[in-house]
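If you want the building blocks of each chain, they are given just below.
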Amino acid sequence: MAKVLMLGRLRDVAGWRERTLDHPPATLSALRALLTEEDPALGEALNGKGVQAAVNKAVSREDTAIGPNDEIAFLPPMSGG
Amino acid sequence: MTVRVQTEPFDAGVLLSAFSAGRKQSGGIVSFTGLAREATDSKAVASLELDAYPGFTEPAIAAMETEARERFDVHDLLIVHRYGPIAPGEAIVFVAAAAEHRRSAFEAADFLMDYLKTRAPFWKKETGPDGERWIEPRPSDYDDVNRWS
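Keep in mind that what you see is a predicted model, and the values were worked out from it rather than measured.

1. Describing the environment of A99 of chain B
Residues and elements named next belong to chain B.
Step number 1: The topology assignment puts A99 in strand β8 (residues 91–99).
Step number 2: Here A99 falls in the buried class, since 24 other C-beta atoms lie within 10 Å of it.
Step number 3: Residues A99 and Y115, 16 residues apart in the sequence, show an inter-C-alpha distance of 20 Å.

Pasting the structure below:
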């Protein structure tokens, strides 16, 4: 099962912090498209300026492949401490 | 060489005493403690929440620490950062630097704080009388970090 995480304000927009997908899409961009289709407001936030995605805790490009046991996190611009 | 990211409150005095204990090579230790303010830009802050991504946030801070060690002649560094809900007056961050001479210790602590304030993977939400708002670094924070580039 792939795990999807929303950090910071994305958590508030989505209304969830973590969910699992039994059959995740093949790539990060396909996952973004799926999440956007389900929730256009979240899609808009995910495509906002400075939002990065991490696969297995490494910031990754949109064409990165996603496996069934991967962890994908969406990271808004960092606030700093 | 230590980086700790934790939800538990900490006592900066206890951290400093432990960090200082037994040091004979170092001629000086500089420490900085960051506190949660009760107001930001004269708006009251009832509570502050820092979101972190465990497993991602620590390595990013450890990389900042490595850079500080490469840039400054320090014997040791300690970074402790809280996340989760933090009440006004509580400590959020503690940085300590030990060096043979004071200048390197001051500079390393200053550098680390500027980096932590802009580049550390935290997401900060303040709750006040007008509701909740997510905070991004201030322009002055970016000016501070750009001093080092």
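2. Observations concerning the pairing of strand β5 (residues 47–52) of chain B
Here is the key point about a regular strand: its side chains alternate between the two faces of the sheet.
Residue and element names in this part refer to chain B.
Step number 1: Note that β5 and strand β9 (residues 122–128) share six bridges and pair antiparallel. Residue pairing across strands places L50 opposite K124, the latter belonging to β9.
Step number 2: Here three bridges tie β5 to strand β7 (residues 84–86), and the two strands are oriented antiparallel to one another. Bridge pairing links E49 to P85 in β7.

3. Here we look at the sheet that holds strand β6 (residues 74–82) of chain B
Residue and element names in this part refer to chain B.
Step number 1: Across the sheet, which stays open at both edges, the four strands sit in the order β1-β6-β8-β2 with mixed pairing between neighbours. Edge strands, defined here as strands with exactly one partner in the open sheet, are β1 (2–6) and β2 (28–35). Here the average twist between neighbouring strands, direction ignored, is 5°.
Step number 2: Pairing analysis gives eight bridges linking β2 to β8, with the strands arranged antiparallel. Pairing of G34 across the sheet is with V93, part of β8.
Step number 3: Each of β2, β6 and β8 is contacted by helix α3 (residues 102–119), which is oriented at about 150° to β8, the strand it contacts most.

4. Quick notes on the nonpolar core
Step number 1: Counting 58 residues, the largest nonpolar core has V95, A97, A108 and L112 of chain B as its most contacted members.
Step number 2: In this structure, V95 of chain B is in contact with S31, F32, I79, A109, L112 and M113 of chain B, ignoring residues within four places of it in sequence.

5. Remarks on unusual backbone geometry
Residues and elements named next belong to chain A.
Step number 1: Of note, N56 is a non-glycine position whose phi angle comes to about 50°, a positive value.
Step number 2: Positionally, N56 belongs in the loop between β3 (52–55) and β4 (58–59).
Step number 3: Note on N56: 16 C-beta atoms within 10 Å, which makes it partly exposed.
Step number 4: Not every positive phi belongs to a glycine, and K57 is a case in point at roughly 70°.
Step number 5: Within the secondary structure, K57 sits in the loop between β3 and β4.

6. A closer look at helix α2 (residues 28–38) of chain A
Residues and elements named next belong to chain A.
Step number 1: Residues of α2 that are buried: L28, L31, R32 and L35. End-on, the buried residues of α2 take up no more than an arc of 100°, which puts them together on one face.
Step number 2: The elements touched by buried residues of α2 are α3 (40–46), β3 and β5 (71–75).

7. Thoughts on the sheet that holds β9 of chain B
Residue and element names in this part refer to chain B.
Step number 1: Within the open sheet, the four strands sit side by side as β7-β5-β9-β10. Their pairing is antiparallel. Only two strands of the sheet have a single partner each, and these edge strands are β7 and β10 (131–135). Pairwise comparison of adjacent strand axes, ignoring direction, gives a mean angle of 25° for this sheet.

8. Let's talk about the pairing of β3 of chain A
All names here are of chain A.
Step number 1: Bridge count for β3 against β5 is four bridges, and the pairing is antiparallel. By the bridge assignment, Q52 is partnered in β5 with L75.
Step number 2: As judged from the two bridges shared by β3 and β4, these two strands associate in the antiparallel manner. Note on β4: the bridge partner recorded for A54 is V59.
Step number 3: The antiparallel hairpin formed by β3 and β4 contains two residues in its connecting segment, where N56 sits at a positive phi of about 50°.

9. Comments concerning the interface of chain B and chain A
The accessible area lost on association of the parts is a frequent measure of interface size.
Step number 1: Counting from both sides, the interface comprises 21 residues of chain B and, opposite them, 13 residues of chain A.
Step number 2: Elements with a contribution of two residues or more to the side of chain B that touches chain A: β8, α3, β9 and β10 of chain B.
Step number 3: By residue number, the principal contributor to the side of chain B that touches chain A is α3 of chain B, which donates four residues.
Step number 4: When grouped by side-chain class, the residues that make up the side of chain B that touches chain A number twelve nonpolar, three polar and six charged.

What counts and how
- Residues numbered from 1 in each chain as written.
- Chains lettered and ligands numbered in written order.
- Predicted model: local features only at pLDDT ≥ 70, side-chain atom pairs only at ≥ 80, totals over all residues.
- Helix = DSSP H or I, 4+ residues; strand = E, 2+ residues; numbered from the N terminus.
- Buried ≥ 20, exposed ≤ 12 C-beta atoms within 10 Å, placed from the backbone.
- Pairing = 2+ DSSP bridges.
- Axes fitted to C-alpha atoms, helices over the stretch in contact; angles between N-to-C directions.
- Contact = placed C-beta atoms within 7 Å.
- Core = buried A, V, L, I, M, F, W, Y, C linked by C-beta atoms within 7 Å.
- Arc of directions from axis to C-beta.
- Nonpolar A, V, L, I, M, F, W, Y, C, P; charged D, E, K, R; others polar.

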